[in-house]
Amino acid sequence: MRVLAVLSFVLMGLVSPAHAWWDMGHMEVAAIAYGRLDDTLRPKVDTLIKQHPAYPLWIKGLEGLPDSDKAQAAFVHAATWADDIKGILSCKVSHAPGCYDYDKVTDGTAAQNVGTSDHIVHDYWHYYDIPFSPDGEQTDPAPAVNALTQIRLLKAALSDHNSTDDLKCYDLVWLLHLVGDAHQPLHAVSRFTHQLKGDQGGNLELVNVGGVQASKLHFVWDGILGDRGTAAAAVGAASLLPAADPTLAKIDDPEMWFKESAALAQQYAYGTAVGPDKGPYDLDAAYLSKAKSVAEAQVALAGQRLANLINAALK
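Presented here is an overview of the structure given in this document. Per chain, residues are indexed from 1 in the order of the written sequence. Local features in this predicted model are restricted to residues of pLDDT 70 or higher, and side-chain atom pairs are both shown and tallied only at a pLDDT of 80 or more, whereas totals for entire chains, interfaces and linings draw on every residue. Only hydrogens and water are set aside; all other atoms, that is, all heavy atoms of the structure, feed into the side-chain values.

**Some thoughts on the overall build of the chain**
1) Next: Secondary structure follows DSSP: runs of H or I at least 4 residues long count as helices, runs of E at least 2 residues long count as strands, and numbering of each begins at the N terminus. Scanning the chain from terminus to terminus reveals 13 helices and five strands.
2) Next: Based on C-alpha atoms, the radius of gyration is set beside the globule rule, defined as 2.2 Å times the residue count to the power 0.38. In terms of overall size, the chain behaves like a compact globule, its C-alpha atoms giving a radius of gyration of 19 Å where 315 residues would be expected to give roughly 20 Å.
3) Next: By the convention used here, residues are in contact when the closest approach between their heavy atoms is within 4.5 Å. The contacts in the chain between residues at least 6 apart in sequence include a share of 73% that link residues at least 24 apart.
4) Next: On the chain, roughly 13,400 Å² of surface is accessible, and the fraction owed to carbon and sulfur atoms is 56%.
5) Next: Measuring between centres, the 24 positive side-chain charges of the chain sit 3 Å from its 37 negative side-chain charges. The protein chains shown are the only cover counted for residues, whose accessible areas, like all others here, come from Shrake-Rupley with a 1.4 Å probe. Under the counting rule used here, the positive set is Lys and Arg, the negative set is Asp and Glu, and His together with the chain ends is not counted. To locate a charge, take atom NZ for lysine, CZ for arginine, CG for aspartate or CD for glutamate.

Here it is in structure tokens:
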């Protein structure tokens, strides 16, 4: 039954857009973090989240609930915003809080941190691809602006007493997402082989998981915990995850988070199942079951570390 559940999650995810962990995984990270916020800081966090332009969307349909329930739901939903602006929160959708445009990592806007007035998607903020090669192929370094540089930048601004509430609101919502990204193994690595000169975190390899068509390896890991759901569902799912290792949870250096994720990618995402070219490769039930276990442990760890980050920044 466990293997069947894993397969159902993956197959459900194959028809969804490519978002790290997809919505449910990111919301579970936030749900864990919210439950571990310092009680004295939670009102401040709630106030910052409430100031975000997307807040009405995060509590839509919850208007009759107590303020505490709405606050938790908004925090949990906010973890998906950095992916939502790739499509849902665009000018193509009515009642959305403005348009969001793409730029390039080489543009002057790439590393800016200006608050909620920033309507750039910054898709390159979602990953820090540590290069490796199993066959001696030459590798390329990660771009100069990436998830690691931005986690450091946003964390520093969130901690700065001179930062405006608008900037802290914007940075907090991004951090809810990026800490989750840091713990998705394929958001922390790029594999270089003689056949593939950098695979963009598993986006160039195709795999079969029992569906009607092959999927990107990256998609399988993004969707292993499921796609969309309510905040309440995410809170419930998060409560069933194994507790994070307390020693690992205390590690507050985001570079170490990415190095851990990159090691997991090499061991489990690629392992012996994924060959050196684009495939497709067949992933069996044992692979998918292990992937889900790794993902659950990473989400639990990300949630605890996210809480620690917020508590330290806003104390």
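Let us keep going from here.
**Considerations on unusual backbone geometry**
1) Next: Here the amide bond leading from Gly279 into Pro280 is cis, since omega sits at 15 degrees, within 30 degrees of zero.
2) Next: Unlike most non-glycine residues, His122 shows phi in positive territory, near 50 degrees.
3) Next: The residue His122 is located in the loop between helix H6 (81–84) and strand E1 (130–132) in this model.
4) Next: Of note in this structure, Gln200 is not a glycine but carries a positive phi near 55 degrees.
5) Next: Relative to the elements of secondary structure, Gln200 occurs in the loop between strand E2 (189–191) and strand E3 (206–208).

**A look at the sheet that holds strand E5 (residues 281–282)**
1) Next: We treat two strands as partners when DSSP finds at least two bridges between them. If you walk across this open sheet you meet the three strands as E4-E3-E5, and the pairing is mixed. Across the chains shown, the open sheet's two edge strands, defined by having one partner strand only, are strand E4 (215–216) and E5.

**Things to note about the packing of helix H3 (residues 42–50) against helix H8 (residues 165–182)**
1) Next: Where H3 contacts H8, the two axes come as close as 8 Å, and the packing angle between them is 95 degrees. Here H3 lies roughly perpendicular to H8, going by the angle between them. Along its contact with H3, which presents Lys44, Val45, Leu48 and Ile49, the element H8 presents Asp165, Lys168, Cys169, Leu172, Val173 and Leu176.
2) Next: Within the contact of H3 with H8, the residues separate by chemical class into seven nonpolar, no polar and three charged. Lines fitted to C-alpha atoms define the axes, with helix axes restricted to the stretch in contact, and inter-axis angles between N-to-C directions lie between 0 and 180 degrees. For classification purposes, an angle smaller than 35 degrees is called roughly parallel, one larger than 145 roughly antiparallel, one from 65 to 115 roughly perpendicular, and anything else oblique. Put simply, Ala, Val, Leu, Ile, Met, Phe, Trp, Tyr, Cys and Pro go in the nonpolar bin, Asp, Glu, Lys and Arg in the charged bin, and everything else, Gly too, in the polar bin.

**Overview of H3**
1) Next: Burial classification: accessible surface area is computed with a 1.4 Å probe over protein chains only, and a residue below 20% of its type maximum counts as buried, one above 50% as exposed, and the rest as partly exposed. Those residues of H3 that fall on the buried side of the exposure criterion are Arg42, Val45, Leu48 and Ile49. Axial view of H3: buried residues confined to an arc of 125 degrees, hence all on one face.
2) Next: Against the buried residues of H3 lie helix H2 (22–35), helix H4 (55–58), helix H5 (67–78), H8 and helix H13 (285–314). An arc is given here, and it is the one of the directions from the helix axis to the C-beta atoms.

**Comments concerning the nonpolar core**
1) Next: Counting 87 residues, the largest nonpolar core has Ile49, Phe75, Trp81 and Ile310 as the members making the most contacts within it.
2) Next: The element that contributes the greatest number of residues to this core is H13, accounting for 14 residues.
3) Next: Once residues lying within four places of it in the same chain are set aside, the contact partners of Ile49 are Tyr55, Trp58, Ala74, Phe75, Ala78, Leu172, Val173 and Leu176. Definition used in this section: a nonpolar core is a set of buried Ala, Val, Leu, Ile, Met, Phe, Trp, Tyr and Cys residues joined via side-chain atoms within 4.5 Å.

**Quick notes on the pattern of salt bridges**
1) Next: For salt bridges, the criterion is a side-chain nitrogen of Lys or Arg within 4 Å of an Asp or Glu carboxyl oxygen. Using the criterion set out here, one finds nine salt bridges in the structure.
2) Next: A salt bridge links Glu137 to Lys197, with the shortest nitrogen-to-oxygen separation between them at 3.2 Å. Of this pair, Glu137 sits in the loop between E1 and helix H7 (147–159) while Lys197 sits in the loop between E2 and E3, and the two are 60 residues apart along the sequence.
3) Next: Relative accessible area serves as the criterion here: at 18%, Glu137 is assigned to the buried category.
4) Next: One salt bridge in this structure joins Glu296 and Lys292, with 2.8 Å as the shortest N-O distance. Note that Glu296 and Lys292 are positioned in helix H13 at a spacing of four residues, about one turn of the helix.
5) Next: In this structure Glu296 comes out as buried when scored by relative accessible area, which is 14%.
6) Next: Here Lys292 falls in the buried class, since its relative accessible area comes to 11%.

**Observations concerning the state of the cysteines**
1) Next: In what follows, a disulfide is any cysteine sulfur pair within 2.5 Å. Throughout the structure, instances matching the rule amount to zero disulfides.
2) Next: Here Cys169 is not disulfide-linked; the sulfur of Cys99 is the nearest cysteine sulfur, at 19 Å.
3) Next: Residue Cys169 is classed as buried on the basis of its relative accessible area of 0%.

**Digging into the packing of aromatic side chains**
1) Next: Any two of the Phe, Tyr and Trp rings considered here, Trp counted by its six-membered ring, make a pair once their centres fall within 6.5 Å; the pair's planes then place it as stacked at under 30 degrees, edge-to-face at over 60, or tilted in between. Tallied over the full model, the rule gives nine aromatic pairs.
2) Next: Between the aromatic rings of Tyr34 and Phe75, the centroid separation amounts to 5.0 Å while the plane-to-plane angle is 50 degrees, which identifies the pairing as tilted. Taken as a pair, Tyr34 in helix H2 and Phe75 in helix H5 lie far apart in primary sequence, 41 residues in all. Each member of the pair Tyr34 and Phe75 is classed as buried.
3) Next: Here a set of aromatic residues connected by ring pairs shows up, and it is made of Trp81, Tyr100, Trp125, Tyr170 and Trp174.
4) Next: Look at NZ for Lys and CZ for Arg. If either is within 6 Å of the ring centre and within 35 degrees of the ring normal, a charge sits over the ring. Sitting over the ring of Tyr34, Arg42 keeps its end group 5.1 Å from the ring centre.

**Concerning the environment of Val29**
1) Next: Within the secondary structure layout, Val29 lies in helix H2.
2) Next: Beyond its immediate sequence surroundings of up to four residues, Val29 is in contact with Gly180, Val299, Ala302, Gly303 and Leu306.

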